[in-house]
Structures are given as C-alpha cells and as structure tokens.
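Spelled out, the chains give:
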Amino acid sequence: MKKTHRLNQKLVFAFLILIKALNLRADEGMLIPSLIAAFESDMKAKGMKLTAEDIYSINKASLKDAIFQFGGGCTAELVSSKGLLLTNHHCGYSQIQSHSSLEKDYLKNGFWAKTLTEELPNPGLIAVRIVRIEDVTALVLNGASSKDDKSTIQSNIQKIISEVVANSGYEAEVKAFNYGNDYYMMVKEIFTDIRFVGTPPNSIGKFGGDTDNWVWPRHTGDFSVFRIYAGKDNKPAAYSKENVPYTPIRYLNISFRDRKEGDFTMVYGFPGQTEQHVVSSYLKFIIEKERPARIHMRDLSLGVIDAAMKASDLTRIQYAAKQASIANAWKKWIGQIDGLRTQDAVMLKQNKESEYTKLANSKEEWKKYASVVYEMNALVERDINWEFKYAMGVEYFSYGPEYFKLARAVNDLVSNYQKYKTSGELNTVLERLKVGADGFFKNYDASVDKEIFNKLTKEYFSNTDQWEGIKKELMYSTTPDWCDNYIKSISDRIYTKSVLTDKERYLNFLQNFNDKSIKKLDKDVGLQHYTAHITPFRNYVIPAYQNFSNNMSTLLQTYVEGKKIMSPNAKHWPDANSTLRITYGKLEGSTPTDGMKYTEHTTLEGMIAKYHSGNADFELQPRMLELFKQKNYGNYAQNGQLWVCFTGSNHTTGGNSGSPVLDENGNLMGLNFDRTWESTMSDYLFDSARCRNVVVDIRYVLWVMDIYSGARHLVDEMVLVKE
Ligand code: ARG
Ligand code: GLU
C-alpha cells in the first residue's frame, strides 16, 4: 500500500515535470507548412478555426498562396484581388531610398501612387510564391553511402530539380533540414515585376529609429506597399509597361475587429536562421568573444556614420540604408548576449548535454550518440579561432570601408582582363563598371569612409594578429603610436590617390582604359591594401572556417538524430533556414524581468508621449499631432483608442519581417516586424515566458493609409472582416 502510494506520488511528480517541460516550450518552434496537419488539433485547442488544408494545400487555394518571400530576406503578403502586397517599411527601405532624392524625399515625406501608372518599378526586386513543399529525403539519399556522401547527394538534388523545372516551368530548390537528416524541395513561382505603391514617412515607418529598435513598448508603423505585376497570362514576367496587376490565387482578408490578450495568433513567413542545437562551449564563445568583438567593430563605424548623418541632410539620405543595416544586428547582438547571460544559457545547455549523454549511455543501440557532445566541444576548442577570424573578416570586408566594393569589382577585371579582351567582352564589362559607379558614388562620402577605414583597420589588425607581420615589415616600429601612424599614412594615400575613392578618378580611369591601366592598378594603394588583406582571408581563413563549420554540421547531424530517436515524444522542429514556416501562439504581453510587466499593446497616445521626450528618433510631423488632437481615428479605433502595435508569443526570427500575423480565421491582424529586446536570445534558446514578437496592428496601417495619407483607394481594394 505504502509502496504504491509512493509510486503514485512519483508518477504525479514526473507528470508535473513533464507538463512543466512541455508548458515551457509550448510556443516554441517554426513548423513546416506541409506537415501542419500534425499540429491541427493543438492549434484548434488554442482557438484556431481553420483546418490544416486551409493553411497549406496542394489541391486548392490556401493561405500559403497569399504569402511571398520578398527581396530574398523578408516576407510579404497579398491583400487584394489586384496583387497589392504589404511588407515592412524596413524591408522596402532600399527601394524607398533609391526612389528618393533631395527633391523627392520619400524618406522624409512618404509617397503614395494615386494610380497604377504612378507605381514605380524596382529592377532586381523579386517576390516568390511557394507552389509546394515536398519531402524528398529518400530521393536525395538514394544510393548515398551515408548522410555525408556529398557527391551522390548533390547529383541526386540536381536531378530532382531539373526534372521538376522541365515538367512544370517553375523554379525549384532542395534544402537540407536538421543538418542533412531531412531534405525538402520547394517549388517556386518567382515574380520579377514588383512595383512600389506607397510608404509612410520615416517619422511613422521608422518611428523610434534605433532608440526603439528591438524594444518594447513600440510605436513603429513599419509597413510599405508594393504590387505584383504579371504578364497578360497572369504568369511572372520581366518588367514591361504592358504588364498588369497580378490576380492572386488567394489573398488575405483584414481582421477588422477588436482584439484582446489571449487571442489566437499565427505567423506565416520565411524565418532566416536559428541555432537551437549549438553546443555549450560554442555558445560561450558567441557570448564572451565573438559577439562582443563584432559589436565593438560596429560601435566604431556607427560612431562615424551617425555623426555625419546628423551633420548633413545629404549624408542622412546617402547613408540611411547602410546605417540601418549595420545598426540593426549590432543592437540585436547586445540584447542577445544580455539575455543569454541572464538566463545562464551556457549552464542550461550543459545540463541538457549531460542528460543527453546519459541517455545515450543507457541503451546499447544508442551508444553511437554517447560521444557526440564531447566531440563537438573538442572541435570548438581546437578550431573556433577560425570562426572568430572569419567573423572579423566579414565585419571588415563587408561592413567596413566601402571602397572595398569597388576593389572587388576591379579585381575581377584585373584577373580576367586577358579573357575579356580575347572574348570581346571588355567593353561591356567596362560599361557595367561605369553604370555601377553611378549607384556607388551616389551614396558615398569619402571622408566618412576614410574615418571608418582608420578605425576598423586598426581593430581588424588587432583582432586577427596581423600587427606582428606588419611590424616586421616596418623597420621603424618603435614609437608607441606606430600603428596609428601606419594606418594614417596608408589611408591618406588611399583617399587622395586611389581611383577607387573618388568618382572623377574612377570614371577617368575607366574612360581611358588600356593595356597600361592594368599595370597602373598594380600600383594603386587602395587596391594594394585591399588585395594584401583579402587574399589571405580568402585563401586561408574562409576555407579553414568552412572546414570547421562542415565538421560541426556533421556532428550536429548525429546530435539531432539522437535527440529525435532517444526522445521521440518531445516537440522537434528543424532550425529556420529561410524556408516557409508557421508558428502559433497568442496575443500576449510578458514579464521579461522580475518586477516588470509589459502590456500587450500600445496606442497613439504613447507615441505622442515619446514625441514629447524631445529625442530626434521620435520626431513627428504636424499632421500626426493634429489628427491626435482631433482624435480623428475614423473607424480604426477600439474603445476610443488607436492601437499601434501589439506583441505575441510567436517564435520568430530575422526574415519573419513583414510576415502576416493571422487570427483564428486566417485574417490579417498585423505585420510582424521585430522582437522585444529580451527575446533576441531566442535564436539560440526560446523562453516562452519572455520571448515576444512585435507586430504593427493592421488597423493602424489602414489608418495611416486612409486618414493620415489620403490613400483611401488602397484600403478600398481590401476586404475588411468585422466578425
Ligand atoms: N529589428 C528589426 C529587424 O531586425 C527592424 C529593423 C529595422 N529598423 C531599424 N531601426 N533599423 O529587421
Ligand atoms: N526585423 C526582423 C527582420 O527583418 C524581424 C525581427 C526578428 O529578428 O525577429 O526579419
């Protein structure tokens, strides 16, 4: 009797732990749409009224047909029968910027096309519909000696893709999931005529700027409007005046009704990358070494850019998109390592890892998983420095001095000069470089670039121990500030002499290009510096880093396989990899730290309060203040308040920007655009108590279009669903 009682107690206890474990992870996961049926009953239990077929179907129009990958890195959704497409303001930012000038300052004033003919083309911009997703694991691994048999796998993939492309006229891509344990094929329809329809001014679309980026409470109207155009047959077509607005298979209706905490929410979009499985010592490296070094590199360049943008309107426009891209990851990383530290993420990982290894040792057939954690940690210890050097190179060469971009282009000319000459392509290549120069120098300020060069070169050299080599090279390396002097002397020459740092010098050089020019380039200080440092980076650092990363990936493949086999009942989901995913949760506030509570929505009142703080990031135009004073909210308010943003417990990441946040009927509640500061750790570790995605309410979006901007005709294209 006593014994069974104790057993019962034990069982209850074990059950409670299980519930707690499941509960903690209730909202975690980015699910593959074609497998969503497995979650249908859970989603329904949480309030969803749709069926799995409504969400994803290959037999009929479903929600997925309204959702597009936008410009490669964001998500967008169709909201009208005429191909009207919504995405974030920051996702359309480079297009908005490229249509802007001092005379037509769309960043500052916004833009609204009044008719179809006023909608502006965007060369290079694409929007991709997913036609279907197919598990092709068996086909990909067919004949492979192991999951690591790269050549068989590659040739199988090529075969699968070419068959689909030949038979359907669509594009296709096969991607590894779970580090090569699974493979899925995405069949895609790619639209290439995407026109710019409208945007609110920065004072709405980027309200809060960097001060509020990644932060709650939030009041950003982060949306912009595009339209997909197609050929007369409604198929994708290259830009042409003859093209017509695309007629969607499915578009989203607008969830036009009151909301409350607890409402079901679902986010459908293209999350870019998560790394839930990384080993503890790797995470420690990220938290303690890699992120702090990258953050510091960006502190330096942002210091230069921010000051220059404040000082001149022209620089503000020129550097708007670059600044935003540097600042965005910079701030995310700061929040991320903060969250991982306070959550003691490394220790949590270590605990999980020892549980895993213990489990693996408990059964003969699981023994093959027993050493994988140890091996991953050993690999980190041996080779992690390559990842560090690689990260420093990315910061320096891709986010550092900008003239490196021209150096890259010119280097191609140098290496292929003879080839271009004999093939007769030379003139075309030179023309292309000239056209590229216009775009480049439009947004370039050599004095800004020089300052960035001075700061980042020093940092890059220090972090990659290149000083030693340079010191040996220089015989006079005795004064304490010799490294500053060294950098100053090369940068003075680079920014006064190199053809790569001045438009006139560059165009002159291309204009008078001949056999001797190649020789002259050899002596160009700008190109010399770039070549001297990119070459070892390309030849040694990148291959060594790739080798490390491949080895890690192979171990992760085993590690993840072990998780699935040894704990079959846990909720497994493949890391984000820029493919279409679904995550669901609810409209919900959070308690990010002890003694602090975030409510689940913000209103226009809070926006006005921020404006009164006087911070330049909270600048508003008089119209906003006027409409606020009149309480002119049209029919977009709820209980007399205009909701601006809300948060949800949906597991999202970069790439989910612009993703539709859908209600229980699949109607559009708002556009996802961010996570809270405390959430940014979720790329490594999701914590449902604190991780929240940030959404701009569609009712605010429509208010800005209609009442603020007078673009009522766009609202009229949409279907507003009251109940
Ligand atoms: N943090 C959001 C994302 O990762 C928004 C970025 C754009 N906003 C900004 N202030 N830079 O994309
Ligand atoms: N703003 C991010 C994006 O561009 C989404 C925020 C996040 O990382 O969750 O996708």
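Let us look at the structure shown here. (Residues numbered from 1 in each chain as written. Chains lettered and ligands numbered in written order. Predicted model: local features only at pLDDT ≥ 70, side-chain atom pairs only at ≥ 80, totals over all residues. Heavy atoms only, no water.)

### Brief notes about the overall build of the protein
Of regular secondary structure, the protein possesses 26 helices and 20 strands. The C-alpha atoms of the protein give a radius of gyration of 27 Å, which matches the 27 Å a tight globule of 723 residues would have. With the principal axes as the frame, the protein shows a C-alpha extent of 95 × 70 × 60 Å. Classification of the 723 residues of the protein by burial places 54% in the buried group. When the accessible surface of the protein is split by element, carbon and sulfur atoms take 54% of a total near 31900 Å². For the protein, the centre of its 90 positive side-chain charges and the centre of its 87 negative side-chain charges are spaced 1 Å apart. (Helix = DSSP H or I, 4+ residues; strand = E, 2+ residues; numbered from the N terminus. Rg over C-alpha atoms; globule rule 2.2 N^0.38 Å. Buried < 20%, exposed > 50% of the residue type's maximum accessible area, 1.4 Å probe, protein only. Areas by Shrake-Rupley, 256 points an atom, 1.4 Å probe, with all protein chains shown as cover. Lys, Arg positive; Asp, Glu negative; His and termini not counted. Charge placed at Lys NZ, Arg CZ, Asp CG, Glu CD.)

### Quick notes on the site of ligand 2
All residues adjacent to ligand 2 are His-90, Trp-214, Thr-652, Thr-653, Gly-654, Gly-655, Asn-656, Ser-657, Phe-673, Asp-674 and Arg-675. Between ligand 2 and the protein, one listed contact pairs a nitrogen atom with a backbone N or O atom of Phe-673 at 2.9 Å. Within the side chain of Arg-675, an N or O atom sits 2.5 Å from an oxygen atom of ligand 2. Taking 290 Å² as the accessible area of ligand 2 by itself, protein coverage stands at 92%. Within the shell around ligand 2, the residues separate by chemical class into two nonpolar, seven polar and two charged. (Near = heavy atom within 4 Å. Polar contact = N/O pair within 3.5 Å; in protein donor to acceptor, adjacent residues only side chain to side chain. Nonpolar A, V, L, I, M, F, W, Y, C, P; charged D, E, K, R; others polar.)

### What about the packing of aromatic side chains?
Tallying each qualifying case throughout the model produces 39 aromatic pairs. Aromatic pair Tyr-633 and Trp-703: ring centres 6.5 Å apart, planes at 80 degrees, arrangement edge-to-face. Within this pair, whereas Tyr-633 is found in the loop between helix H24 (622-630) and strand E16 (643-648), its partner Trp-703 is found in helix H25 (residues 698-708), the two being separated by 70 residues in sequence. The exposure classification of Tyr-633 matches that of Trp-703, with both residues buried. Site record: aromatic cluster; members linked through ring pairs are Tyr-390, Tyr-396, Phe-397, Tyr-403, Phe-404, Phe-453, Tyr-460, Phe-461, Tyr-495, Tyr-530, Phe-537 and Tyr-545. Looking at Arg-195, its charged tip hangs above the ring of Tyr-229, at a distance of 3.7 Å from the centre. The ring of Tyr-319 is capped by Lys-322, whose NZ or CZ atom sits 3.9 Å from the centre of that ring. (Phe/Tyr/Trp six-rings, centres within 6.5 Å; stacked < 30°, edge-to-face > 60°. Lys NZ or Arg CZ within 6 Å of the ring centre and 35° of its normal.)

### Points about the pattern of salt bridges
Throughout the structure, instances matching the rule amount to 44 salt bridges. For the salt bridge of Lys-49 with Glu-664, the shortest nitrogen-to-oxygen distance reads 3.5 Å. Taken as a pair, Lys-49 in the loop between helix H2 (40-45) and helix H3 (52-55) and Glu-664 in the loop between strand E17 (660-662) and strand E18 (668-675) lie far apart in primary sequence, 615 residues in all. Note on Lys-49: relative accessible area 57%, which makes it exposed. Judged by its relative accessible area of 13%, Glu-664 is buried. Here Glu-402 and Lys-322 are joined by a salt bridge, their closest N and O atoms 2.6 Å apart. Of this pair, Glu-402 sits in the loop between helix H13 (372-399) and helix H14 (403-415) while Lys-322 is found in helix H11 (residues 313-342), placing the two residues 80 residues apart along the sequence. The exposure classification of Glu-402 matches that of Lys-322, with both residues buried. Shared partners join several salt bridges into a network, and the residues in it are Glu-290, Arg-291, Arg-294, Arg-298 and Glu-395. (Salt bridge = Lys/Arg side-chain N within 4 Å of Asp/Glu carboxyl O.)

### Here's the deal with unusual backbone geometry
For the bond from Trp-216 to Pro-217, the omega torsion is 0 degrees, close enough to zero to count as cis. Phi is positive for Tyr-179, close to 55 degrees, though the residue is something other than glycine. By the secondary structure assignment, Tyr-179 is in the loop between strand E7 (171-177) and strand E8 (182-191). Residue Tyr-179 is classed as partly exposed on the basis of its relative accessible area, which comes to 22%. Positive phi is not limited to glycine here, since Trp-214 has a value of about 65 degrees. Following the sequence through the fold, Trp-214 ends up in the loop between helix H9 (209-212) and strand E10 (224-230). Residue Trp-214 is classed as buried on the basis of its relative accessible area of 6%.

### Re the nonpolar core
Core analysis: the largest hydrophobic core is formed by 92 residues, its most contacted members being Tyr-282, Tyr-403, Leu-500 and Tyr-506. It is helix H10 (residues 280-311) that provides the largest number of residues to this core, a total of 14 residues. Not counting residues up to four positions away in its chain, the partners in contact with Tyr-282 are Glu-275, Val-380, Ile-384, Glu-387 and Phe-548. Core analysis: the second largest hydrophobic core is formed by 74 residues, Trp-573, Leu-620, Leu-671 and Leu-714 among them. (Core = buried A, V, L, I, M, F, W, Y, C linked by side-chain atoms within 4.5 Å. Contact = heavy atoms within 4.5 Å.)

### Notes on the state of the cysteines
Evaluated as defined, the whole model comprises one disulfide. A disulfide bridge connects Cys-74 with Cys-91, and the sulfur atoms are separated by 2.2 Å. Where Cys-74 bonds to Cys-91 through sulfur, the torsion about that S-S bond is close to -80 degrees, and the disulfide is left-handed. Remark: Cys-91 occurs in the loop between strand E3 (84-87) and helix H4 (93-98) and Cys-74 occurs in strand E2 (residues 74-78); sequence separation between them is 17 residues. The class for Cys-91 is buried, based on a relative accessible area of 11%. Residue Cys-691 stays outside any disulfide, its sulfur separated by 18 Å from that of Cys-645, the closest cysteine. For Cys-691, a relative accessible area of 2% puts it in the buried group. (Disulfide = S-S within 2.5 Å.)

### As for the packing of H13 against helix H22 (residues 525-566)
H22 packs onto H13 with a crossing angle of 150 degrees between their chain directions and a minimal axis gap of 8 Å. Considering their axes alone, H13 and H22 lie roughly antiparallel with respect to each other. Once H13 is placed against H22, the crossing between them reads as left-handed. The residue makeup of the contact of H13 with H22, split by class, is 24 nonpolar, five polar and five charged. (Axes fitted to C-alpha atoms, helices over the stretch in contact; angles between N-to-C directions. Parallel < 35°, antiparallel > 145°, perpendicular 65-115°, else oblique. Left-handed = near helix turned anticlockwise from the far one by under 90°.)

### Looking at the environment of Met-266
Among the secondary structure elements, Met-266 is positioned in strand E13 (residues 264-269). Sequence separation between Met-266 and Ala-293 is 27 residues, and the spatial gap between their C-alpha atoms is 36 Å. Excluding residues that lie within four positions of it along the chain, Met-266 makes contacts with Met-43, Met-48, Leu-50, Ile-55, Leu-63, Ile-582, Thr-583, Tyr-584, Asn-650, Pro-660, Val-661 and Leu-662.

### With respect to the environment of Val-696
Relative to the helices and strands, Val-696 is located in strand E19 (residues 693-697). Classification of Val-696 as buried rests on a relative accessible area of 0%. Between the C-alpha atoms of Val-696 and Lys-610, which are 86 residues apart in sequence, the distance is 17 Å. In contact with Val-696, other than residues within four places in its own chain, are Thr-220, Gly-221, Asp-222, Val-644, Cys-645, Met-669, Gly-670, Leu-671, Phe-673 and Val-701.

### Remarks on the site of ligand 1
All residues in the neighbourhood of ligand 1 are listed as His-90, Lys-206, Gly-209, Asp-210, Asn-213, Trp-214, Ala-324, Asn-328, Ser-657, Phe-673 and Asp-674. Within the contact set of ligand 1, an oxygen atom lies 2.9 Å away from a side-chain nitrogen or oxygen of His-90. When ligand 1 sits alone it has 350 Å² of accessible area, and the protein chains cover 89% of it. Of all elements in the fold, only H9, H11 and E18 reach the threshold of two or more residues within the shell around ligand 1. Taken together, the residues that form the shell around ligand 1 break down as three nonpolar, five polar and three charged.

### Notes on the side chain of Gln-97
On the secondary structure map, Gln-97 appears in helix H4. For Gln-97, a relative accessible area of 6% puts it in the buried group. Within the local environment of Gln-97, its side chain forms a polar contact with the backbone oxygen of Ile-317, the two atoms lying 2.9 Å apart. Sequence-distant contacts of Gln-97, that is, excluding residues within four places in its chain, are made with Leu-107, Ile-317, Gln-318, Ala-321, Lys-442 and Asn-443.

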